[in-house]
Amino acid sequence: VGALGGSMKVTGSRIFGTLQEGTMGFGGAFAQDGGKLLLDHVALVHNTVAGVAVGGPGDVKLTQSVVRGTLVRSDNGQDGSGVELSQAGTVEITDSAILESHTHGVEVSGAGTRATITGSVIRDTGPDDTATGYGVQVDFGASATVDSSMLAGNTAFGAWVTRGGKLAVTHSVVRGTNMAGDLVGMGIDADLGGTLSLTDVAVAGARDVGLAVDGSG
């Protein structure tokens, strides 16, 4: 489903197995060109490229929903984010679960792009314990807030803020980052000019580093 410059509400539904056509693909649901999309009690499962994509700019509200098992692009093996935002897109994720995405649970990139995550679970990002998976990534001037949420069992990074991104995490738990895997597992990392704020946050069970600040982060 897609909102291109208009408004759409989807409730009590299942969006499953969206495929990529050639080099094109938006994922299970998308909003752009000023479109507004409300997803309430929706399951987005095994979609290609992104479970939910926002950009151009667009706005999505994801409430009491599940995004699960998002797959990579067939042409280059990239993407595969549960929720992907760019180009000043905005998303509010409330009381939802982002599970088993291939590369990113939530990816927020670019100036003016903003994600608000509340009361939600982002877990098991990465196809296996030897691959790079990011629970939440914020970069290139984007911003995100994570409140009263859990980031668990993600490979490589529970949360990563880099290259001018801003991330604030409050009243949340980050645990089990690549606890049994072969790659570096970091609970939360800020680097290369990323700005990080933590309030009442528990970081536990990371394979290598719980909290890292490096590279002028």
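Shown above is the structure to which this text applies.
Heads up: these notes are all about the structure in this document. (Residues numbered from 1 in each chain as written. Predicted model: local features only at pLDDT ≥ 70, side-chain atom pairs only at ≥ 80, totals over all residues. Heavy atoms only, no water.)

Quick look at the sheet that holds strand β11 (residues 104–109)
Ordered in space as β1-β3-β5-β8-β11-β14-β17-β19-β21, the nine strands form an open sheet in which the pairing is parallel. Only two strands of the sheet have a single neighbouring strand rather than two, namely β1 (2–4) and β21 (209–214). Averaged over all pairs of adjacent strands, the angle between their axes in this sheet comes to 10°, without regard to strand direction. Pairing geometry for β1 and strand β3 (residues 29–32), over three bridges, is parallel. By the bridge assignment for β3, L4 is matched with Q32. (Pairing = 2+ DSSP bridges. Helix = DSSP H or I, 4+ residues; strand = E, 2+ residues; numbered from the N terminus. Axes fitted to C-alpha atoms, helices over the stretch in contact; angles between N-to-C directions.)

What about the packing of aromatic side chains?
For the structure shown, the criterion picks out three aromatic pairs. With a centroid separation of 5.3 Å and 20° between ring planes, the pair formed by Y134 and W160 is classed as stacked. One end of the pair, Y134, is in strand β14 (residues 133–139); the other, W160, is in strand β17 (residues 156–162), and 26 residues separate them in sequence. No difference in accessibility class separates Y134 from W160, as the two residues are buried. Put simply, the rings of Y134, F157 and W160 pair up and form one aromatic cluster. (Phe/Tyr/Trp six-rings, centres within 6.5 Å; stacked < 30°, edge-to-face > 60°. Buried < 20%, exposed > 50% of the residue type's maximum accessible area, 1.4 Å probe, protein only.)

Quick look at the pattern of salt bridges
Enumeration over the complete set of coordinates arrives at four salt bridges. Its salt-bridge partner being E100, residue R68 comes within 3.0 Å of it at the nearest N-O pair. In this pair, R68 is assigned in strand β7 (residues 66–68) and E100 in the loop between β10 (97–99) and β11, connecting sequence segments 32 residues apart. Residues D208 and R207 are paired through a salt bridge, measuring 2.9 Å at the closest nitrogen-oxygen approach. (Salt bridge = Lys/Arg side-chain N within 4 Å of Asp/Glu carboxyl O.)

A short note on the nonpolar core
In this structure, L39, L44, V83 and V106 are the most contacted members of the largest nonpolar core, which totals 37 residues. No other element matches the four residues that strand β4 (residues 36–45) contributes to this core. Setting aside anything within four residues of it in sequence, one finds V106 in contact with V83, L85, I93, I98, I117, I122, G135, V136 and Q137. Grouped together as the second largest cluster of nonpolar side chains are six residues, A156, F157, W160 and A212 included. (Core = buried A, V, L, I, M, F, W, Y, C linked by side-chain atoms within 4.5 Å. Contact = heavy atoms within 4.5 Å.)

As for the pairing of strand β8 (residues 81–85)
For β8, a buried count of four out of five residues is recorded, marking the element as mostly surrounded by other parts of the structure. For strand β5 (residues 50–54) and β8, the ladder comprises four bridges, and the chain directions are parallel. Bridge pairing in β8 places A50 opposite S81. Bridge analysis of β8 against β11 gives four bridges, and the strand direction is parallel. The partner of V83 across the bridge, within β11, is V106.

With respect to the side chain of S96
With respect to the helices and strands, S96 occurs in the loop between β9 (90–94) and β10. Since its relative accessible area comes to 5%, S96 is described here as buried. A polar contact is formed between the side chain of S96 and the backbone oxygen of L62, at a distance of 3.5 Å. Of note is the side chain of S96, whose polar atom sits 2.9 Å from the backbone oxygen of T94. Among residues more than four places away in sequence, those in contact with S96 are L62, T63, Q64, S65, G119, S120 and V121. (Polar contact = N/O pair within 3.5 Å; in protein donor to acceptor, adjacent residues only side chain to side chain.)

A few points about a nonpolar patch on the surface
A surface patch of nonpolar side chains, amounting to about 260 Å² of accessible area, comprises L198, L211 and V213. By secondary structure assignment, the location of L211 is in strand β21. (Patch = residues over 30% accessible without salt bridge, like charges linked within 9 Å, V, L, I, M, F, W, Y side chains within 5 Å. Areas by Shrake-Rupley, 256 points an atom, 1.4 Å probe, with all protein chains shown as cover.)

Overview of the environment of V203
Its place among the elements puts V203 in strand β20 (residues 195–204). Beyond its immediate stretch of four places on either side in the chain, V203 contacts V174, G187, I188 and G210.

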